[in-house]
Amino acid sequence: MFRFVFSILTGLFGAVLLHIIIILSLPHFSDRDAYTRVSDEGDENHFYMLDDKDDDAGLSNTDPYIRTAVCAFDIEDTPVHLTAKGKVPFWSLAIYDAASNEVFSMSDRTSVGGALDLLLASPVQLTGIRKALPPTLAQSILVEVPRAQGYAVLRTMAPQGSFDDAAQEFLSQAGCDEFDNG
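Note on numbering: residues in each chain are counted from 1, in written sequence order. It should be noted that, the model being predicted, local features are given only for residues of pLDDT at least 70 and side-chain atom pairs only at 80 or more, the latter also being counted only at that level, while totals for whole chains, interfaces and linings use all residues. Just so you know, side-chain values use all the structure's heavy atoms and leave hydrogens and water out.

1. With respect to the overall build of the protein chain
- When its secondary structure is counted, the protein chain shows four helices and nine strands.
- In terms of overall size, the protein chain is more extended than a compact globule, its C-alpha atoms giving a radius of gyration of 22 Å where 182 residues would be expected to give roughly 16 Å.
- Projected onto its principal axes, the C-alpha positions of the protein chain cover 80 × 45 × 30 Å.
- Working definition: with a 1.4 Å probe on protein chains only, accessible area under 20% of the residue-type maximum means buried, over 50% means exposed, and in between means partly exposed. Out of the 182 residues in the protein chain, the part that is buried amounts to 36%.
- Whether two residues are in contact is decided by their heavy atoms, any of which lying within 4.5 Å being enough. Of all intrachain contacts in the protein chain linking residues separated by at least 6 positions in sequence, the fraction that spans at least 24 positions is 66%.
- His residues and chain termini do not enter the charge count, which takes Lys and Arg as positive and Asp and Glu as negative. Charged groups are reduced to one reference atom each: NZ for lysine, CZ for arginine, CG for aspartic acid, CD for glutamic acid. Distance from the positive charge centre (12 side chains) to the negative charge centre (26 side chains) of the protein chain: 9 Å. Per the convention used, a helix needs a DSSP run of H or I reaching at least four residues, while a strand needs a run of E reaching at least two, with both numbered from the N terminus. We compute the radius of gyration from the C-alpha atoms alone; for a globule the expected value is 2.2 Å times N to the 0.38, where N is the number of residues.

Encoded structure:
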């Protein structure tokens, strides 16, 4: 009987101690989420290429055959237009909200002509745009984003050294710009 009570008390004490440690360590980890790190890269609405070593925001590109760029955005006031084109063997795009939930993804195989042309907008903004679709968005993919803040991750493949220049050019010329409907 004593062993049983001792086991229960030890388990309860361990659980309480674990919870205290987790609660005290939360401030250390709360500012290390993906959205905060991407936002720390620099200004919103700009793609930043990642190196193979951690940068100041703690982000890096760890796959030797993939080149990656990230862009934080806020569509509260205006939609964001993502664009990229070039001669790369493969590219993919993933859109995440500020809570790091993936809300949209695509690749060159699902794009129009292999180019990235995508507009991110709130439901209200998208309704207005669809009523009078500008000619510049005739071939664009229109994506409704449920939350105003988020980030985009654009990846391209460079399976050999000879592909590296094209991959770097593709990412450096990629656009993550506020959409001007004027």
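2. Things to note about helix 4 (residues 164-172)
- Of all the positions in helix 4, only Ala167, Phe170 and Leu171 are classed as buried. Taken down its axis, helix 4 places every buried residue within 90° of arc, on the same side.
- Considering only its buried residues, helix 4 is in contact with strand 1 (48-49), strand 2 (66-74), strand 3 (80-84), strand 4 (91-97) and strand 8 (149-157). Each direction from the helix axis to a C-beta atom contributes to the arc, which is the arc of those directions.

3. Some words on helix 3 (residues 123-131)
- Buried within helix 3 we find Gln125, Leu126 and Ile129. Across the axial projection of helix 3, the buried residues extend over an arc of 95°, all falling on one side. For helix 3, the exposed residues lying more than 90 degrees away from the buried face are Val124 and Lys131.
- For helix 3, the secondary structure elements touched by its buried residues are strand 6 (116-121) and strand 7 (141-144).

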